[in-house]
Amino acid sequence: GMALYAAVDTGIALLVRTFLDGTFVRRDPRMITWMPLAIVGLFVMRGAGDYLANFAPGHVGRAVIKALRADVFRHLLALPVRYFDRNAPAQLLARLTYNVELVSEATTTAATALVKDTLTIAGLLAYLFWTNWRLTLLALAVAPLIAWLVRTANRQFRRYSARIQSSVADVTRVAREAIDGQRLVKVFTAEAREEELFEVA
């Protein structure tokens, strides 16, 4: 599926060039007849490739999440009591639910992107070199700057992701305390205080 998707992306670039040359340069009337069929055919193939590339890793991802959650839960059961004294239950629940989901999503997304994007880039680069190798080399000279910008942005995103994971644990903790102790909250009319704590988390 990923290979089909990447091949169609390269095919679209080739199709655009063929269309422009056939209609504006050579003025071939047959181009108008078969070009819509070629476009529909390419997009049907692209849709099929995209479906296969997303369905299979999604299925694998759910199995990975199930296995990871089972491993984390098994590990939690084996931990000593002092560990549970040091860590809030909500934080442990967030690790078991939210963090496991993120890890699995990241691995399946990374694997999909690695294969699909690598094949797409390889196909488009081959097409660019075939079209005009000098202009392609000039464009590739800018690649180190782009790589540095992407790496810097990724570092920032990782920092924000860590903050989000931490805040989810805090939100879960505050919500759980309010729900578990809802009788106490009502007795002491502490609804406003709980709302403040939730907003801070």
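Our structure's up above, just so we're on the same page.
Residues numbered from 1 in each chain as written. Predicted model: local features only at pLDDT ≥ 70, side-chain atom pairs only at ≥ 80, totals over all residues. Heavy atoms only, no water.

A. The overall build of the protein, seen in detail. Counting its regular elements, the protein contains eight helices and zero strands. Along the chain direction, N to C, the helices and strands of the protein fall in the order α-α-α-α-α-α-α-α. The globule rule puts the C-alpha radius of gyration for 201 residues at 17 Å, and the 26 Å found for the protein is more than 25% above it. Summarising its shape, the C-alpha atoms of the protein cover approximately 85 × 40 × 35 Å along the three principal directions. (Helix = DSSP H or I, 4+ residues; strand = E, 2+ residues; numbered from the N terminus. Rg over C-alpha atoms; globule rule 2.2 N^0.38 Å.)

B. Expanded view of helix H1 (residues 2-25). Compared with the 34 Å implied by 1.5 Å per residue over 24 residues, the 34 Å span of H1 between its first and last C-alpha is a close match. Looking at the buried positions of H1, the neighbouring elements they touch are helix H2 (30-78) and helix H4 (89-131). Positive backbone phi, approximately 55°, marks Arg-27, located one or two places after H1. (Expected span 1.5 Å × (residues − 1). Contact = heavy atoms within 4.5 Å.)

C. Summary view of the packing of H1 against H2. Packing of H1 against H2 leaves a shortest axis separation of 8 Å and a crossing angle of 165°. One element, H1, and the other, H2, form an angle in the roughly antiparallel class. Crossing of H1 over H2 shows left-handed handedness. Grouping the amino acids of the contact of H1 with H2 by side-chain chemistry returns 19 nonpolar, five polar and three charged. (Axes fitted to C-alpha atoms, helices over the stretch in contact; angles between N-to-C directions. Parallel < 35°, antiparallel > 145°, perpendicular 65-115°, else oblique. Left-handed = near helix turned anticlockwise from the far one by under 90°. Nonpolar A, V, L, I, M, F, W, Y, C, P; charged D, E, K, R; others polar.)

D. Structural view of the packing of H4 against helix H5 (residues 133-140). Relative to each other, H4 and H5 sit at 130°, their axes nearing to 6 Å. As far as their axial angle goes, H5 and H4 are oblique. Across from Leu-125, Leu-128, Phe-129 and Thr-131 in H4, the residues of H5 making contact are Trp-133, Thr-136, Leu-137 and Leu-140. A class-by-class count of the residues in the contact of H4 with H5 yields six nonpolar, two polar and no charged.

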